[in-house]
Amino acid sequence: MPEATSRRFWSVIAPLAPWAFGAPSIALAYLPGLVRDRLGNNALMFSAVVTMLTMVAGIMVQPLARRVNHPERPYLIATALGIVVAGLLLGAMAAASEQWWLIAVAALVLGADYGCCLVYGLTEVQRMADPANLGRLTALFQAVACLGFGAPYLLAVVEHVLSATPLLLVVAALAALALALARTTYRAGRGTTPGPAAAATS
């Protein structure tokens, strides 16, 4: 990749990418287990409902995300990471109170992050890649995003030393840190680089 493209990808898109699948994976595979004992025979059905809510939210939010997206402003990336923070805080509240309906709400919120992150990441990749490396850069984005699928496993491992509520608060803090990093990158001017057409004429 050209130097400017590589710098933008690793400083702006790569920190966002794992949350695209990480946040909904937490909603699907981790949060329902927090109230499994309270649901009894309905636990499997509840997991199916949470899956549906997460995916529907991720799909339905995408047209709105395209409207919010702006090529020179961090509106959508800030929205996406802000949604992650809110969803994880709801998850922490659900873990503390063991309320199933809070998990359902958190699933909707974290599913919306999935849609926002995909729209932002793929749009940015299309904007900054030239035709010769568009497929390569898209594959790289998807590969980094797929790292997020490991989030529920990591949470389950760490839960042996840290209970679910503070653990989710720590993950929410990491999302807030990623949000601060993205905004700082834009303000410093490192996040805005010309697209391939502009670069070709400069």
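As the structure is a prediction and not an experimental result, all values here were calculated from the model.

Looking at this model, I keep getting lost on the overall build of the protein chain. Mind explaining?
Along its length, the protein chain carries ten helices and zero strands. In the protein chain, the succession of α and β elements from N to C terminus is α-α-α-α-α-α-α-α-α-α. For a compact globule of 202 residues, the expected C-alpha radius of gyration is about 17 Å, and the protein chain comes in at 18 Å, within 12% of that figure. Expressed as lengths along the three principal axes of its C-alpha atoms, the size of the protein chain is roughly 65 × 30 × 25 Å. Expressed as a percentage of the 202 residues in the protein chain, the buried residues total 47%. For the protein chain, the share of sequence-separated contacts (at least 6 apart) that also reach a separation of at least 24 residues comes to 80%.

Teacher, can you tell me more about empty space enclosed by the protein here?
Using a probe with the size of a water molecule, rolled over the atoms, empty space left in the structure can be pinpointed. One pass over the full model with this rule turns up one cavity of 30 Å³ or more. Considered as a void within the structure, the largest cavity measures approximately 30 Å³ in volume. Around the largest cavity, the lining residues are S11, V12, P15, L16, I77, L81, A178 and A182. Broken down by secondary-structure element, the contributors of at least two residues to the lining of the largest cavity are α1 (3–29), α5 (75–97) and α9 (164–187). With four residues, α1 is the single largest residue contributor to the lining of the largest cavity. Partitioned by chemical class, the residues of the lining of the largest cavity number seven nonpolar, one polar and no charged.

Explain the environment of F9 here, please?
In this fold, F9 is placed in helix α1. Overall, F9 belongs to the buried group, its relative accessible area being 0%. Separated by 131 residues in sequence, F9 and L140 have C-alpha atoms that sit 9.6 Å apart. The contacts of F9, once residues within four sequence positions are left out, are A14, P15, M128, L137, L140 and F141.

What is the right way to look at the layout of surface pockets in this model?
In this structure, the largest pocket occupies an estimated 310 Å³ of space. In terms of lining residues, the largest pocket is bounded by 17 residues, among which W19, A151, L154, V171 and L174 are the most central. When contributions to the lining of the largest pocket are tallied by element, the ones reaching two or more residues are α1, α8 (151–158) and α9. The leading source of residues in the lining of the largest pocket is α1, at six residues.

Please clarify how the packing of helix α6 (residues 100–128) against helix α7 (residues 134–146) should be interpreted in this entry.
If you want to describe how two helices pack, look at the angle between their axes and the distance between the axes. Between α6 and α7, the shortest axis-to-axis distance is 9 Å and the interhelical angle comes to 155 degrees. Taken together, the axis directions place α6 and α7 in an arrangement best described as roughly antiparallel. Our pair here, α6 against α7, has a crossing hand that is right-handed. Residues C117, L118, G121, L122, V125, Q126 and M128 of α6 form the contact with α7, whose participating residues are L134, L137, T138, F141 and Q142. Here the residues of the contact of α6 with α7 sort into eight nonpolar, four polar and no charged.

What exactly am I supposed to notice about the packing of α5 against α6 here?
Running from N to C, α5 and α6 cross one another at 160 degrees; their axes reach a closest spacing of 8 Å. Comparing their axes, α6 and α5 come out roughly antiparallel. Read as a crossing pair, α5 and α6 show a hand that is left-handed. Class assignment for the residues of the contact of α5 with α6 results in 21 nonpolar, three polar and one charged.

So what exactly am I meant to see when it comes to the packing of aromatic side chains here?
Where two aromatic rings form a pair, the distance of their centres and the angle of their planes describe that pair. A complete count under the given rule lists four aromatic pairs for this structure. A ring pair is formed by F9 and W10, whose centres lie 5.0 Å apart and whose planes are at 85 degrees; its orientation type is edge-to-face. Judged by relative accessible area, W10 falls into the partly exposed class, the value being 46%. Geometrically, the ring pair formed by F21 and F149 is stacked, given 4.7 Å between the ring centres and 10 degrees between the ring planes. Placement of the pair is F21 in helix α1 and F149 in the loop between α7 and α8, with a sequence separation of 128 residues. The buried category is assigned to F21, whose relative accessible area is 13%. Residue classification places F149 among the partly exposed residues on the basis of a relative accessible area of 48%. Chaining the aromatic ring pairs together yields one cluster made of F21, Y114 and F149.

So, how was this worked out
Residues numbered from 1 in each chain as written. Predicted model: local features only at pLDDT ≥ 70, side-chain atom pairs only at ≥ 80, totals over all residues. Heavy atoms only, no water. Helix = DSSP H or I, 4+ residues; strand = E, 2+ residues; numbered from the N terminus. Rg over C-alpha atoms; globule rule 2.2 N^0.38 Å. Buried < 20%, exposed > 50% of the residue type's maximum accessible area, 1.4 Å probe, protein only. Contact = heavy atoms within 4.5 Å. 1 Å grid on protein atoms, 1.4 Å probe; cavity = no way out; pocket = protein on both sides within 12 Å on 5 of 7 lines; lining within 4 Å. Points joined across faces, edges and corners; volume = space filled by probe spheres on them. Nonpolar A, V, L, I, M, F, W, Y, C, P; charged D, E, K, R; others polar. Axes fitted to C-alpha atoms, helices over the stretch in contact; angles between N-to-C directions. Parallel < 35°, antiparallel > 145°, perpendicular 65-115°, else oblique. Left-handed = near helix turned anticlockwise from the far one by under 90°. Phe/Tyr/Trp six-rings, centres within 6.5 Å; stacked < 30°, edge-to-face > 60°.

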